[in-house]
Amino acid sequence: MANRIANPTLFQKATETIEHLRKNVPENLQYPKVAIICGSGLGGLVDTIHAEPRAEIPYSDIPHFPVSTVVGHAGRMVFGLMGPQNLPIVLLVGRAHFYEGYELGLITYATRVCKVLGVEIMIVTNAAGGLNQEYSVGDIVILNDHINLPGFAGFNPLRGPNENDFGVRFPPLSDAYDLDLRRRAHKAWTKLGFDKGPRRVHEGVYAFVTGPTFETRAECRLLRTWGADVVGMSTVPEIVVARHSGMRVLAFSLVTNKAVLEPGVSGKDESIQNMSPKELEIYLSAGKANHEEVLEAGREAAKDMQELVKQVLSDLYDP
């Protein structure tokens, strides 16, 4: 861009990105009120919007955007309309992660862009491991708090000079997860009749870890002791930046596997002494998480998640 500013501020960079987006998006889709971040296996949320009009832009074509390298994260912005109210909405289908090598300020850049676009509400979804043993695979957790493990070590997306164009230096997070939106989510769940089905909805605490390894048994027990109900490798940086920017937040975790909390068996345990190496491998791998299972669980629950999000927003913006 010929008039690009030397050493632009974050707000100026976001404005530059939006100039590019609006050249490629129809006028009636350019001012979305709601943004939805689609987590692993949850790209089907794009089906919550009408087929037409719609604009899809790959992250690789958007100035300053990081590109996700993870299977299950398509990496595109999708603009469209939702529901009978034709609510303008933007979906971030896929996200970049800290473990991919991006700085936290970059993986939350899309959240900044959403703010400058005029987004009022950000809905964040993710696939997560269930630490709370009362949760089952396929259950949905409405987040009401989080534990930012990397933040304890100084890895915070707000680190550095404060971006005054977006928010204050020390934003509170005790109100990060909007109570009215959580209430609406529970009401929508019942309204849709999902409370009578096999899948359950909970409220809980999300523990953010960096990955890209799944957690050890000891780490899972520690996180559960600290009060975490689910654990994952995303979401919290986006929540922090969304709240710093003044957006309301609603966040959902889809439980895609049950974390293993039991201590590993001792090598001198009598019950394993006569096992073959293959039997030992099977014994130890019971409950082990893998990314393919995460994606499959996402596919199974995606339709319920889609309907829940649509119902919440339909009720919220019902004239």
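This one's a predicted model, so the numbers in the text were calculated from it and none came from an experiment.

Parameters and conventions
- Residues numbered from 1 in each chain as written.
- Predicted model: local features only at pLDDT ≥ 70, side-chain atom pairs only at ≥ 80, totals over all residues.
- Heavy atoms only, no water.
- 1 Å grid on protein atoms, 1.4 Å probe; cavity = no way out; pocket = protein on both sides within 12 Å on 5 of 7 lines; lining within 4 Å.
- Points joined across faces, edges and corners; volume = space filled by probe spheres on them.
- Helix = DSSP H or I, 4+ residues; strand = E, 2+ residues; numbered from the N terminus.
- Nonpolar A, V, L, I, M, F, W, Y, C, P; charged D, E, K, R; others polar.
- pLDDT = per-residue confidence, 0-100.
- Patch = residues over 30% accessible without salt bridge, like charges linked within 9 Å, V, L, I, M, F, W, Y side chains within 5 Å.
- Areas by Shrake-Rupley, 256 points an atom, 1.4 Å probe, with all protein chains shown as cover.
- Salt bridge = Lys/Arg side-chain N within 4 Å of Asp/Glu carboxyl O.
- Buried < 20%, exposed > 50% of the residue type's maximum accessible area, 1.4 Å probe, protein only.
- UniProt positions renumbered as here; feature names shortened; annotations may be inferred.
- Contact = heavy atoms within 4.5 Å.
- Expected span 1.5 Å × (residues − 1).
- Polar contact = N/O pair within 3.5 Å; in protein donor to acceptor, adjacent residues only side chain to side chain.
- Phe/Tyr/Trp six-rings, centres within 6.5 Å; stacked < 30°, edge-to-face > 60°.
- Lys NZ or Arg CZ within 6 Å of the ring centre and 35° of its normal.

## Considering the layout of surface pockets
Here the idea is plain: a probe the size of a water molecule rolls over the atoms and shows the empty space left. Within this model, the second largest pocket holds a volume of roughly 460 Å³. Taken together, 22 residues line the second largest pocket, and the ones lying closest to its centre are L104, G105, L106, P157 and R159. Elements that contribute at least two residues to the lining of the second largest pocket include exactly α1 (10-23), α2 (104-107) and α3 (109-117). At three residues, the largest contribution of residues to the lining of the second largest pocket is made by α2. The class makeup of the residues in the lining of the second largest pocket is nine nonpolar, eight polar and five charged.

## Here we look at the confidence of the model for the chain
Summing up the model confidence of the chain, the mean pLDDT is 89 and the portion of residues at 70 or higher is 91%. Of all the helices and strands in the chain, helix α8 (residues 277-285) carries the lowest mean pLDDT, 77, while strand β7 (residues 201-208) carries the highest, 98.

## Points about a nonpolar patch on the surface
Together, F152, L222 and W226 give the surface a local cluster of nonpolar side chains, amounting to about 350 Å² of exposed area. Inspection of the secondary structure puts W226 in the loop between α6 (217-225) and β8 (230-232). Look at W226 and you get partly exposed, because its relative accessible area is 44%.

## Things to note about unusual backbone geometry
The omega torsion of the bond from E52 to P53 falls at -10°, within 30 degrees of zero and hence cis. With respect to the secondary-structure elements, P53 resides in the loop between β1 (34-38) and β2 (54-58). For the bond running from G211 to P212, omega is 5°, close enough to zero to count as cis. Relative to the helices and strands, P212 resides in the loop between β7 and α6. Here H64, not a glycine, exhibits a phi torsion of approximately 75°, which is positive. Checked against the element boundaries, H64 lands in the loop between β2 and β3 (76-82). At N86, a residue that is not glycine, the phi angle is positive and equals roughly 50°. Turning to its location among the elements, N86 is positioned in the loop between β3 and β4 (87-93).

## Quick notes on the UniProt feature "binding site: phosphate" (unreviewed entry) in the chain
UniProt annotation of "binding site: phosphate" (unreviewed entry) refers to S40, H73, R95, A96, H97, A127 and S234 when read in the numbering used here. Lining residues of the largest cavity, restricted to the annotated ones just named, are R95 and A96. Within the secondary structure, H97 sits in the loop between β4 and α2. Assessed through its relative accessible area of 5%, H97 is described here as buried.

## Remarks on the environment of R22
With respect to the helices, strands and loops of the structure, R22 is situated in helix α1. For R22, a relative accessible area of 23% corresponds to the partly exposed category. The sequence separation of R22 and R182 amounts to 160 residues, and the corresponding C-alpha distance is 32 Å. If we skip the residues at most four places from it in the chain, R22 touches Q30, Y31 and L117.

## Description of the UniProt feature "binding site: a purine D-ribonucleoside" (unreviewed entry) in the chain
As recorded in UniProt, the sites labelled "binding site: a purine D-ribonucleoside" (unreviewed entry) are E215 and N257. These annotated residues cover 43 residues of sequence, and their C-alpha atoms lie no more than 11.9 Å from one another, placing them together at a single site. As for its position among the elements, E215 is in the loop between β7 and α6. Following the sequence through the fold, N257 ends up in strand β9 (residues 248-258).

## Examining helix α5 (residues 179-191)
The end-to-end C-alpha separation of α5 is 18 Å, in line with the 18 Å expected for 13 residues at 1.5 Å each. Of the residues flanking the start of α5, the one acting as N-cap is D178, its side-chain oxygen 3.1 Å from the backbone nitrogen of D180. The positive-phi residue at the C-terminal boundary of α5 is G193, with phi of around 80°.

## A short note on the packing of aromatic side chains
With the rule as written, the count across this model stands at six aromatic pairs. Ring centres 5.1 Å apart and planes at 70° place the aromatic pair W189 and F194 in the edge-to-face group. Accessibility assignment for this pair places W189 and F194 in one class, buried. Ring pairs connect the aromatic residues Y59, F65 and Y109, which therefore count as one cluster. The ring centre of F166 lies 4.5 Å from the NZ or CZ of R112, which sits over that ring.

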